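Next come the chains, spelled out residue by residue.
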Amino acid sequence: MAQERSPALWLHTQPSVTRKMPVCHRILLLLWLLHFSSVYSDITDGNAEHLKREHSLIKPYQGVGTSPSSQWDFWGSTLVTSQYVRLTPDERSKQGSIWNTVPCYLKDWEMHVQFKIHGSGKKNLHGDGFAIWYTKERLHPGPVFGNQDHFVGLAIFVDTFRNDLQGMDRSFPYISAMVNNGSLPYDHGKDGRSTELGGCSVEIRNKDHDTYLAVRYSKGRLTIMVDVDDKNDWKECIDIGGVRLPTGYYFGASAATGDLSDNHDIISMKMYQLMVEHTPEEDNQDWTKIEPSVSLLKSPKDNIDDPTGNFRSTPLTGWKVFLLLLCALLGIVVCAVVGAVVFQKRQERNKRFY
């Protein structure tokens, strides 16, 4: 089997090709390869070498239970079978959760969640949704998708029911993220809009195929991707920098139903360690003492007046950076061409005076 090579490596191993290219074409190719290589590494390929089993929930769920050796504990309406972990059945007023009993001390990680939301409810007649947690405390039932309010840590909400009838700028189901130090409540009436870091609308109910959610945290950047079309193609939902999360917190999942209901099933939660280099200052820092926070120019509460529900201060990444560089390069080329034409015209005009 031929060894797979990255796009950047291909560029360096083809000198005869790149030498024949004009300089501008080589610059464009380099920019494209740099962008592609960054996208190529966005989501881990599921390398088993980096799978952390103590933080992973995998069939047939042998590590789930109430014994001292169990790595996962559950509460409420949660039902554990050999094929799925059902947080809530398709019944009204149910709450359930499942929590990792082992605190996570990884600085850079990525969690892949395979899930299924299905039920008998028709359009707009189902609810409420489920959440993925990375929090200081575990197994504290409450009103936020089956978990406590004023939590400390990170929450990813998969909200399937619209409560805010005035917020018609987005469709549901809707995925959003929130970082909390315990001081902020989750506003169900506004679907969490005032405290969300960003989000996206995704059709995920009653799918015949697998649906996935990936949560990546590395070097202060939180990225959430989804794969819900059964095409093995991750699509970006949220990408935001300046996020500070400590180590030593717990992963979990919870769900809730109200007057409306759904089956909320977790098929697997796979945790991968990301191999990332840190500065000596970062390595020497006590990561367990970090307070969850987000360094933004804009307060989460200002999101109330933002019709998109997203922060305006999120950094440029991915295609945005590539397109910006491409536009800048094209602008330079156009200016050079225009300058050359103007210079030639002046030369021809000066010759007519002799």
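To keep things clear, this report deals only with the structure shown in the data block. (Residues numbered from 1 in each chain as written. Predicted model: local features only at pLDDT ≥ 70, side-chain atom pairs only at ≥ 80, totals over all residues. Heavy atoms only, no water.)

### Describing the pattern of salt bridges
Here is the rule we go by: For salt bridges, the criterion is a side-chain nitrogen of Lys or Arg within 4 Å of an Asp or Glu carboxyl oxygen. Helix and strand assignments come from DSSP, with helices taken as H or I runs of at least 4 residues and strands as E runs of at least 2, each series counted from the N terminus.
The tally for this structure, following the rule as stated, stands at 12 salt bridges. A salt bridge links Asp 73 to Arg 138; the nearest nitrogen and oxygen atoms lie 4.0 Å apart. Here Asp 73, found in strand β1 (residues 72–76), pairs with Arg 138, found in the loop between β6 (129–135) and β7 (152–159); they are 65 residues apart in sequence, far enough to count as distant. For Asp 239, the salt bridge goes to Arg 221, with nearest N and O atoms at 3.0 Å. Residue Asp 239 is located in strand β12 (residues 235–240), and its partner Arg 221 is located in strand β11 (residues 221–227); the two are separated by 18 residues in the primary sequence.

### Focus: the sheet that holds strand β10 (residues 211–218)
Applied cut-off: Strand pairing is defined by DSSP finding a minimum of two bridges between the two strands.
One open sheet holds the 7 strands; their spatial order is β2-β3-β15-β5-β10-β11-β12, and the pairing between them is antiparallel. In this open sheet, the two edge strands, each paired with only one partner strand, are β2 (79–80) and β12. Bridge analysis of β11 against β12 gives 5 bridges, and the strand direction is antiparallel. Among the inter-strand pairings, Met 225 is bridged to a residue of β12, identified as Glu 236.

### With respect to the pairing of β11
Our working rule: Here the term buried applies to any residue with accessible area under 20% of the maximum for its type, exposed to any over 50%, and partly exposed to those in between, with areas from a 1.4 Å probe on protein chains only.
Counting buried positions along β11 gives 6 out of 7 residues, so the element sits mostly inside the fold. The sheet contact formed by β10 and β11 spans 7 bridges and is antiparallel. From the neighbouring strand, Ala 214 faces β11, where its bridge partner is Met 225. Linking β10 to β11, which pair antiparallel, is a turn of 2 residues; within it Lys 219 sits at a positive phi near 50 degrees.

### Focus on empty space enclosed by the protein
Basically, it comes down to this: Space inside and on the surface of the protein is sampled on a 1 Å grid over the protein atoms alone, with a cavity defined as a set of points where a 1.4 Å probe fits but cannot get out and a pocket as an open set with protein on both sides within 12 Å along at least 5 of 7 lines; lining residues have an atom within 4 Å of a point. Grid points are joined across faces, edges and corners, and a volume is the space filled by probe spheres set on the points. Classification convention: Asp, Glu, Lys, Arg as charged; Ala, Val, Leu, Ile, Met, Phe, Trp, Tyr, Cys, Pro as nonpolar; all other residues, Gly among them, as polar.
Throughout the structure, instances matching the rule amount to 1 cavity of 30 Å³ or more. Quantified by volume, the largest cavity comes out at close to 50 Å³. Lining of the largest cavity is provided by Trp 109, Met 111, Ile 132, Trp 133, Tyr 134, Leu 154, Ile 156, Val 215 and Phe 251. When contributions to the lining of the largest cavity are tallied by element, the ones reaching two or more residues are β5 (109–118), β6 and β7. The element best represented in the lining of the largest cavity is β6, accounting for 3 residues. Looking at the lining of the largest cavity, its residues break down into 9 nonpolar, no polar and no charged.

### Quick word on the state of the cysteines
Defined as follows: In this description, a disulfide is simply a cysteine sulfur pair whose atoms lie within 2.5 Å.
Counted according to the given criterion, the structure contains 1 disulfide. In this model, Cys 200 is linked to Cys 237 through a disulfide, with the two sulfur atoms separated by 2.0 Å. Looking along the S-S bond of the Cys 200-Cys 237 disulfide, the torsion reads about -105 degrees, which is the left-handed sense. With Cys 200 in strand β9 (residues 199–201) and Cys 237 in strand β12, this residue pair connects regions lying 37 residues apart in the sequence. Note on accessibility: Cys 200 and Cys 237 belong to one class, buried.

### So, the nonpolar core
Quick reminder of the rule: Residue types Ala, Val, Leu, Ile, Met, Phe, Trp, Tyr and Cys, when buried and joined through side-chain atoms within 4.5 Å, form a set referred to as a nonpolar core. Two residues form a contact once any of their heavy atoms are found within 4.5 Å.
In this structure, Trp 109, Leu 213 and Ile 266 are the most contacted members of the largest nonpolar core, which totals 47 residues. The dominant element in this core, judged by the number of residues it contributes, is β5, at 5 residues. Sequence-distant contacts of Trp 109, defined by excluding residues within four places in its chain, comprise Tyr 134, Leu 154, Val 215, Arg 216, Tyr 217, Leu 245, Phe 251, Met 271, Tyr 272 and Leu 274. In this structure, Val 144, Phe 145, Ala 155 and Leu 184 belong to the second largest nonpolar core, which totals 12 residues.

### As for the packing of aromatic side chains
Test applied: Working definition: a ring pair exists when centres of Phe, Tyr or Trp rings (six-membered ring for Trp) sit within 6.5 Å. Plane angles under 30 degrees give stacked, over 60 give edge-to-face, the rest tilted. Our definition puts a charge over a ring when NZ of Lys or CZ of Arg is within 6 Å of the ring centre and also within 35 degrees of the ring normal.
In this structure the tally under the stated criterion is 12 aromatic pairs. Geometrically, the ring pair formed by Phe 115 and Phe 130 is tilted, given 5.2 Å between the ring centres and 55 degrees between the ring planes. Here Phe 130 lies in strand β6 and Phe 115 lies in strand β5, a separation of 15 residues in the sequence. As far as the burial class goes, Phe 115 and Phe 130 line up, both buried. Summarising the aromatic geometry, the rings of Trp 133 and Phe 157 are spaced 5.7 Å apart at their centres and angled 80 degrees between planes, so their arrangement reads as edge-to-face. Residue Trp 133 is located in strand β6, and its partner Phe 157 is located in strand β7; the two are separated by 24 residues in the primary sequence. Per residue, the accessibility class of Trp 133 equals that of Phe 157, and both read buried. Here a set of aromatic residues connected by ring pairs shows up, and it is made of Trp 109, Tyr 134, Tyr 217, Tyr 249 and Phe 251. Of note, Arg 138 hangs over the ring of Tyr 250, and the distance from its end group to the ring centre comes to 5.7 Å.

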